[in-house]
Amino acid sequence: MSGKPILWIIIPCYNEEEVLPITAPQFLHKILDLTAQGLISDKSRVCFVNDGSRDRTWQLICQFAQQDPHYIGISQSRNRGHQNAVLAGLMEAKDQCDVTISIDCDGQDDINAMDEMVRKYLAGAEVVYGVRSRRDTDTFFKRFTAEGFYHLMNLLGADIVFNHADYRLISARVLEHFADYHEVNIFLRGMVPLAGFPSETVAYERHERLAGESHYPLSKMLGLAFDGITSLSNKPIRLITGVGLLFSILSFIGVVWAVVLGVLGSTVAGWASTICIVCLMGGIQLVCLGVIGEYIGKIYMETKARPRYIISERTWQPYERKYHG
Ligand code: UDP
Ligand code: MG
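Residues numbered from 1 in each chain as written. Chains lettered and ligands numbered in written order. Predicted model: local features only at pLDDT ≥ 70, side-chain atom pairs only at ≥ 80, totals over all residues. Heavy atoms only, no water.

Asker: Outline the coordination of the magnesium ion (ligand 2), supporting the account with residue identities and numerical values.
Answerer: Donor atoms from the polypeptide that bind the magnesium ion (ligand 2) are D106 (OD) and Q108 (OE1), placed at 1.9 Å. The pair D106 / Q108 is uniform in exposure class, with both members buried. (Donors = N, O, S within 2.8 Å, 3.2 Å for Na, K, Ca; no water. Buried < 20%, exposed > 50% of the residue type's maximum accessible area, 1.4 Å probe, protein only.)

Asker: Requested: an account of unusual backbone geometry, with residues and values cited.
Answerer: Within the chain, N15 stands out as a residue other than glycine whose phi angle is a positive 50°. Along the polypeptide, N15 turns up in the loop between strand 1 (7-13) and helix 1 (20-36). Non-glycine residue N163 carries a positive phi angle of around 60°. Following the sequence through the fold, N163 ends up in the loop between helix 5 (140-155) and strand 6 (164-171). With relative accessibility at 7%, the residue N163 sits in the buried group. (Helix = DSSP H or I, 4+ residues; strand = E, 2+ residues; numbered from the N terminus.)

Asker: Which residues make up the site of ligand 1, and what values do they have?
Answerer: Residues in close proximity to ligand 1 total 20 residues, the closest being E16, D51, D106, S214 and H215. N79 places a side-chain nitrogen or oxygen 3.1 Å from an oxygen atom of ligand 1. Taking 530 Å² as the accessible area of ligand 1 by itself, protein coverage stands at 95%. Those elements giving two or more residues to the shell around ligand 1 turn out to be strand 1 and helix 3 (82-93). Here the residues of the shell around ligand 1 are counted per class, giving six nonpolar, six polar and eight charged. (Near = heavy atom within 4 Å. Polar contact = N/O pair within 3.5 Å; in protein donor to acceptor, adjacent residues only side chain to side chain. Areas by Shrake-Rupley, 256 points an atom, 1.4 Å probe, with all protein chains shown as cover. Nonpolar A, V, L, I, M, F, W, Y, C, P; charged D, E, K, R; others polar.)

Asker: Could you give me a rundown of the sheet that holds strand 8 (residues 311-314), with the residues and numbers involved?
Answerer: What links the strands of a sheet is backbone hydrogen bonding, and the strands pair in either a parallel or an antiparallel sense. Strand order in this open sheet of eight strands is 7-5-6-4-1-2-3-8, and the pairing throughout is mixed. Every interior strand has two partners, whereas the edge strands, strand 7 (199-204) and strand 8, have only one. Pairs of neighbouring strands in the sheet enclose a mean axial angle of 25°, with direction left out of account. Note that strand 1 and strand 4 (residues 99-102) share four bridges and pair parallel. Bridging across to strand 4, I10 finds its partner in S102. With respect to the sheet, helix 4 (residues 113-122) is in contact with strand 1, strand 4, strand 5 (127-132), strand 6 and strand 7, its orientation differing from that of strand 6 by roughly 40°. (Pairing = 2+ DSSP bridges. Axes fitted to C-alpha atoms, helices over the stretch in contact; angles between N-to-C directions. Contact = heavy atoms within 4.5 Å.)

Here you go:
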């Protein structure tokens, strides 16, 4: 690396017209500030990824791009979800810069942690994870479910950093290798550690959203958790096999017991117990089928290998365009 590193801040935006006018200047200010400190090159950029917003988000991004050359924007052809939007930004950036930092656009993550991230990068770390130091601003429910999620993930063998979401620095060198991970079901915070390379963490405080509303209701959070587990671990399937085995042994013992009772002439009492067992077994089998089905569904999606994002518009031109307009 010669000279100062070029930093791209990657910011996914979905229906964020309320908060963008507040946070966009903060990101620009951070770039200018880091440049003034002599930490990064002035070719650094704030890159917004519009994730198929239905409001004026993309128009706002285009306006920013006209106001200051540090702002650039790319737009996905439709809404593909947070993880895909971040991935689109990272892949756009990897050939243009030396290092990226991904962050949400709602001002919840403290952008001042970027200074330390960049310093750790300059000191040799290729990945720097932003880790929340406190969860005071979360409701008890969110805190409980979120922390439970990290423990569950680790229990199931997925190597994820505790209390780290999607605020992280990744060097272009790591991104180059990361581009070889072709999976369609993506869960970035679980996949980045898989790529290896020296990593560090930086603690930061997470605040309330500055404006607008969260796009992660409970159903989406559960979806993300489930995706995370199934895309990183085969343990649920092992567990099912284990439970199946246990119940097979139990039922074998039950059969022996019934035969012995039958031979001894005692009547086997209880319709209730029979029904209970039938229902229990039925339930367990359905759950097991569901989990296995989930994996098969994922395999189905992976074999199609559909594109993970499609960029339909840009405020800048990374290469010679093949098409008119
Ligand atoms: N986001 C996105 N696509 C989506 C949903 C969200 O790009 O389909 C972006 C959103 O604009 C924000 C980030 O992902 O920058 C995190 O979303 P949000 O703040 O709603 O989630 P929370 O912080 O409440 O978990
Ligand atoms: Mg948020």
